[in-house]
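Chain and residue survey
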Amino acid sequence: AYEDVDVIVVKKQPGVVTHPTKSHFSGTIANAAQHYLEKQGKTCRIRFVNRLDMDTSGLLIIAKNSYAHHVLSVQMQEDKVEKKYIAFVEGVVKEECKTINEPIYRPSFDSIKRIVDPRGQESITKYRVLERYKNATLIEVQLLTGRTHQIRVHMQHIGHPLLADHLYGQTSNLINRQALHASYLKFLQPRYKNVIEVKADIPKDFIELQRRLREEE
């Protein structure tokens, strides 16, 4: 999607793991990026600036050196990286646009799920409706903070969970993964400070989902 001397932005497919884990040691984005750089004769450690869940598709930032990783991580922590997603959610969302400001909390150390809870960290999500269907809505979401599962938790909290988000109690026979796609990133190039904007096309399974939802009308 984008590359310069310090940064690579890749388009992740759904079902692909970002970095190796005990259960997914190979076939990850990290493996692929390392191989890509080695083929160019570059030996550098892969450093991810952002993360996406296995079933979320879209844009991932990889830093090629520790300096770029540090600068971009600071931009992330200070919420200076503009991040937009598109998502299909359950039900018909009434408001054209809305800001959700609800703290997100991890109930226990080994809990994968997050919840809205006053003990949590400040979490702010903005969304706007792109298209409404009979029993679902396509929205664009902007993250103003970067919490784990933020979009998934906030949308479930307001009664519109992501389609097929099994972790947060939503099933769907229209798509076989949570309907979330990281579609847009805007950040400052770490070395030269120029603005970098990257967009990711809508994935094939989203196009198919949209077609099916329109047919239900």
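For clarity, every value in this text was computed on a predicted model and none was experimentally measured.

Conventions and cut-offs
Residues numbered from 1 in each chain as written. Predicted model: local features only at pLDDT ≥ 70, side-chain atom pairs only at ≥ 80, totals over all residues. Heavy atoms only, no water. Core = buried A, V, L, I, M, F, W, Y, C linked by side-chain atoms within 4.5 Å. Buried < 20%, exposed > 50% of the residue type's maximum accessible area, 1.4 Å probe, protein only. Helix = DSSP H or I, 4+ residues; strand = E, 2+ residues; numbered from the N terminus. Contact = heavy atoms within 4.5 Å. Expected span 1.5 Å × (residues − 1). Polar contact = N/O pair within 3.5 Å; in protein donor to acceptor, adjacent residues only side chain to side chain. Salt bridge = Lys/Arg side-chain N within 4 Å of Asp/Glu carboxyl O. 1 Å grid on protein atoms, 1.4 Å probe; cavity = no way out; pocket = protein on both sides within 12 Å on 5 of 7 lines; lining within 4 Å. Points joined across faces, edges and corners; volume = space filled by probe spheres on them. Nonpolar A, V, L, I, M, F, W, Y, C, P; charged D, E, K, R; others polar. Lys, Arg positive; Asp, Glu negative; His and termini not counted.

This paragraph deals with the nonpolar core. The biggest cluster of nonpolar side chains holds 27 residues, and the ones touching the most others in it are Ile62, Tyr85, Ile139, Ile151 and Met155. Among the secondary structure elements, those contributing two or more residues to this core are β2 (7-12), α1 (29-39), β4 (57-63), β5 (82-90), β9 (124-132), β10 (136-143), α3 (150-157) and β11 (180-188). For this core, the element with the highest residue contribution is α1, accounting for four residues. Not counting residues within four places of it along the chain, the set of residues in contact with Ile62 comprises Asp6, Val7, Ile8, Val10, Ile29, Ala33, Ile46, Arg47 and Phe48. Counting 15 residues, the second-largest nonpolar core is a separate cluster that includes Val7, Ala63, Leu72 and Val198.

This part covers helix α2 (residues 66-77). Look at α2: 16 Å from first C-alpha to last across twelve residues, which is about the 16 Å you get at 1.5 Å a residue. Taken together, the buried positions of α2 are Ala68, Val71, Leu72, Ser73, Gln75 and Met76. Close packing links the buried residues of α2 with β2, β4, β5 and β11. Two to three positions downstream of the cap, the backbone nitrogen of Tyr67 sits 3.3 Å from a side-chain oxygen, assigning the N-cap of α2 to Asn65. One or two residues past the end of α2 sits Asp79, with phi positive at roughly 55°.

Under the definition given, this model contains 15 salt bridges. The partner of Arg177 in a salt bridge is Asp205, and the shortest N-O contact between them spans 2.8 Å. Highlighted residues: Arg177 in the loop between α3 and β11 and Asp205 in helix α4 (residues 204-215), separated in sequence by 28 residues. Each of Glu208, Arg211, Arg212 and Glu215 takes part in salt bridges that share partners, so that together they form one network.

The gaps of empty space that remain are located by a probe, the size of a water molecule, rolled over the atoms. In the structure shown here, the tally under the stated rule is one cavity of 30 Å³ or more. Here the largest cavity defines a volume of roughly 30 Å³. Taken together, Asn50, Leu59, Lys83, Lys84, Tyr85, Ala182, Tyr184 and Leu185 make up the full set of residues lining the largest cavity. For the lining of the largest cavity, the elements supplying multiple residues, two or more each, are β5 and β11. Each residue belonging to the lining of the largest cavity can be placed in one class, and the counts come to five nonpolar, one polar and two charged.

A few words now on the environment of Asp53. Positionally, Asp53 belongs in the loop between β3 (47-48) and β4. Taking relative accessible area as the criterion, Asp53 reaches 28% and is therefore assigned partly exposed. As for Asp53 and Leu167, which are separated by 114 residues in sequence, their C-alpha atoms are 12 Å apart.

This part is about unusual backbone geometry. In the Ramachandran plot, Ala164 falls in the positive-phi region, its phi being about 65° despite a non-glycine side chain. Relative to the elements of secondary structure, Ala164 occurs in the loop between α3 and β11. With a phi close to 65°, Lys193 is a non-glycine residue in the positive phi region. You can call Lys193 partly exposed: its relative accessible area is 44%.

Tracing the chain through its elements places Lys83 in strand β5. The buried charged residue Lys83 lacks any salt bridge partner; its closest oppositely charged side chain belongs to Asp79, at an N-O distance of 4.9 Å. Apart from the residues within four sequence positions on either side, Lys83 is in contact with Met76, Val141, Gln142, Leu143, Thr145, Gly146, Tyr184 and Leu185.

Roughly 970 Å³ of volume is contained in the largest pocket. In terms of lining, the largest pocket is formed by 30 residues, of which the most central are Asn50, Arg51, Leu52, Asp53 and Thr148. Every element with two or more residues in the lining of the largest pocket is listed here: α2, β5 and α3. Taken together, the residues that form the lining of the largest pocket break down as ten nonpolar, 14 polar and six charged. Taken together, 13 residues form the lining of the second largest pocket, with Asp55, Arg152, Asp165, Leu167 and Gln178 sitting closest to its centre. The residue makeup of the lining of the second largest pocket, split by class, is four nonpolar, four polar and five charged.

Remember that the coordinates give geometry; whether it matters functionally is a separate question.
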